[in-house]
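Here's the letter readout for the chains.
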Amino acid sequence: MSRGKVPHIGRGQLCRLRLLLRLLRKVERPYVSTRKSSGSCQRISKLSRSTSRLIPRTCPWRSRTLLSRPIQMCTNEARQLPSRAAWGASMPRFVVNSNRSSIPYLPLNELKSELDALEHGSIDCLSDEELQSRLRVIHTGLWSQSPFCDPGNFIYRARRVVERPSTVASISYPPSQYASIGRANRKGEAMFYGSLRCIPCLQECGAAPGDFFVVSIWKVRHQILLAHLGFTGEVMKLAPATRSLPKYTVYDQDTERNDLIRRWQARLFTRPVLPGAEQQYRVTIALRDIMMSNIVAGGAPVGLSTAGILYPSVATELLATNIALLPSVVHSDLELKEAILLVIDSTDRPHRPDGHVTVTLCDDVAVPDASGSLVWGQKSAFIIPKEFPEYYSS
């Protein structure tokens, strides 16, 4: 081509450019707020379909168009105590969590080899920095749906005791110097673990007949944003009873790459860890770090921060949902309503379809005062039955 000569643009190329420019002008505003009229949403959807051959299916803004409608969590969380309302019914919205970086995509065959090596190989030779670096390469371009938890929901936390606790801090997250490594925290890193139902939090503590526990009930005061790991159809099939997937974990339109990564994440995060093999938690902790970062909306960071992570309870064979929250979130967004003292009478295979747990309430309830102390001898404002059969049924 000679210097200064204008390149020829074919008619087809010109039409494509015009469509893309029109699309870019029209798609900016609907993503700022989902409260647009149905007419504008329909026009955007039609425009997206008409230009689908020009737009990659993995394009983040296109995914937001398809996912901008409100969602609700799975109804199997509706029997949560003490609230009659579904825990997830007040979590209808989510944002797109996109792991955007300048790291190039791994070819699909190399990605499969890398996932297989991390799942079945040893990571003892890798430092935490090297492990994080390999995971960042794997997760390049992965996006997920992060749900909101609205005020009014309840979280349960259990602690085995030999006497009545005297302070709120003693039944909250452990201090850093006493924090052991866990599924979502490093050694020396405090994390608030709880459950969306009462009995699963007891099972996570290995409740046995004769044990005394204090079950604390925490109310969400402000809206918090949550990540999630471990919820895939492949993993849920391992549960001893049928359990539906929460709707925010279902991706109607996804790529083979993203689906491969999500199923790999779920297998690793829900893998049972035996005593003495706690180093396997290094992978789950690294996955937590990946999924609790890079929150974006509308294609740019908006200052959102993830409060914690939701995941299936391994102690209940994936039939319940656990939550792990950052300590700062406990202080700013949770409120202790009361703490209930109880003793375990029997545990007859509580995580099986024909199992149940029986407890005796000690008729002793504590509420917090303004100084952070627990005042015992109160009456419970919640109704907790003495028997919990099939707490997981959906």
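So, here's what we can say about the structure. Worth saying up front: this structure is predicted, and the values here are computed from it rather than measured.

### Brief notes about the pattern of salt bridges
Phase 1: All told, the structure shown has 15 salt bridges when counted by the stated rule.
Phase 2: With a shortest N-O distance of 2.9 Å, Arg267 and Glu119 are connected by a salt bridge. Within this pair, whereas Arg267 is found in helix α8 (residues 256-269), its partner Glu119 is found in helix α4 (residues 108-120), the two being separated by 148 residues in sequence.
Phase 3: Relative accessible area serves as the criterion here: at 27%, Arg267 is assigned to the partly exposed category.
Phase 4: Residue classification places Glu119 among the buried positions, given a relative accessible area of 14%.
Phase 5: With a shortest N-O distance of 3.4 Å, Arg160 and Asp211 are connected by a salt bridge. Linking Arg160 in strand β3 (residues 154-160) with Asp211 in the loop between α6 (198-204) and β5 (212-220), this pair joins segments that are 51 residues apart in sequence.
Phase 6: When its relative accessible area of 39% is taken as the criterion, Arg160 is described as partly exposed.
Phase 7: Connected through salt bridges with shared partners, the residues Glu119, Glu234, Asp259, Arg263 and Arg267 form a single ionic network.

### Focus: the side chain of Asp333
Phase 1: Along the chain, the position of Asp333 falls in helix α10 (residues 327-333).
Phase 2: Within the structure, Asp333 has its side chain in polar contact with the side chain of His222 (distance 3.2 Å).
Phase 3: For Asp333, the side chain forms a polar contact with the side chain of Ser332, separated by 3.2 Å.

### A word on unusual backbone geometry
Phase 1: Positive phi outside glycine occurs at Glu317, with the angle close to 55°.
Phase 2: When you line up the elements, Glu317 lands in the loop between β9 (308-312) and β10 (321-325).

### Side note on the layout of surface pockets
Phase 1: Counted as a void, the largest pocket has a volume near 1,000 Å³.
Phase 2: Around the largest pocket, the lining is made up of 37 residues, and of these Arg157, Ser180, Tyr193, Glu204 and Cys205 lie nearest the centre.
Phase 3: Residue assignment for the lining of the largest pocket shows that the elements contributing at least two residues are β3, β4 (192-195) and α6.
Phase 4: Among the residues forming the lining of the largest pocket, the class breakdown is 21 nonpolar, 10 polar and six charged.

### A few points about the nonpolar core
Soluble globular proteins tend to bury their nonpolar side chains together.
Phase 1: If you look at the biggest cluster of nonpolar residues, it comprises 36 residues, and the most contacted ones within it are Phe192, Leu226, Leu325 and Leu334.
Phase 2: Those elements that place two or more of their residues in this core are β5, β6 (224-228), α7 (233-236), β10, α10, β11 (334-348) and β13 (374-378).
Phase 3: Per element, the largest residue contribution to this core is four residues, and it comes from β11.
Phase 4: Other than its neighbours up to four places away in sequence, Phe192 contacts Ile155, Arg157, Ser172, Tyr173, Trp218, Ile323, Ala324, Leu325, Val330 and Leu334.

### A closer look at the environment of Val220
Phase 1: Mapped onto the fold, Val220 is located in strand β5.
Phase 2: Remark: the alpha-carbon pair of Val220 and Pro151, spanning 69 residues in sequence, is separated by 4.8 Å.
Phase 3: Not counting the four nearest positions on each side in its chain, Val220 is found in contact with Cys149, Asp150, Pro151, Gly152, Asn153, Ile155, Asp333 and Leu334.

### Regarding the environment of Leu131
Phase 1: Relative to the assigned elements, Leu131 resides in helix α5 (residues 128-138).
Phase 2: With a relative accessible area of 2%, Leu131 lands in the buried category.
Phase 3: Separated by 151 residues in sequence, Leu131 and Arg282 have C-alpha atoms that sit 8.6 Å apart.
Phase 4: Those residues in contact with Leu131 that sit more than four places away from it in its chain are Leu118, Ile123, Leu126, Arg282, Val283 and Ala286.

### Here's the deal with the packing of aromatic side chains
Phase 1: What the rule picks out here adds up to three aromatic pairs.
Phase 2: Taken together, a centroid distance of 5.3 Å and an interplanar angle of 80° make the contact between Phe192 and Trp218 edge-to-face. Taken together, the residues Phe192 in strand β4 and Trp218 in strand β5 connect sequence positions 26 residues apart. The two residues Phe192 and Trp218 agree in class, both being buried.
Phase 3: Look at Phe269 and Tyr311: their rings are 5.4 Å apart centre to centre, the planes differ by 75°, and that puts the pair in the edge-to-face class. With Phe269 in helix α8 and Tyr311 in strand β9, this residue pair connects regions lying 42 residues apart in the sequence.

What counts, and where the lines are drawn
Residues numbered from 1 in each chain as written. Predicted model: local features only at pLDDT ≥ 70, side-chain atom pairs only at ≥ 80, totals over all residues. Heavy atoms only, no water. Salt bridge = Lys/Arg side-chain N within 4 Å of Asp/Glu carboxyl O. Helix = DSSP H or I, 4+ residues; strand = E, 2+ residues; numbered from the N terminus. Buried < 20%, exposed > 50% of the residue type's maximum accessible area, 1.4 Å probe, protein only. Polar contact = N/O pair within 3.5 Å; in protein donor to acceptor, adjacent residues only side chain to side chain. 1 Å grid on protein atoms, 1.4 Å probe; cavity = no way out; pocket = protein on both sides within 12 Å on 5 of 7 lines; lining within 4 Å. Points joined across faces, edges and corners; volume = space filled by probe spheres on them. Nonpolar A, V, L, I, M, F, W, Y, C, P; charged D, E, K, R; others polar. Core = buried A, V, L, I, M, F, W, Y, C linked by side-chain atoms within 4.5 Å. Contact = heavy atoms within 4.5 Å. Phe/Tyr/Trp six-rings, centres within 6.5 Å; stacked < 30°, edge-to-face > 60°.

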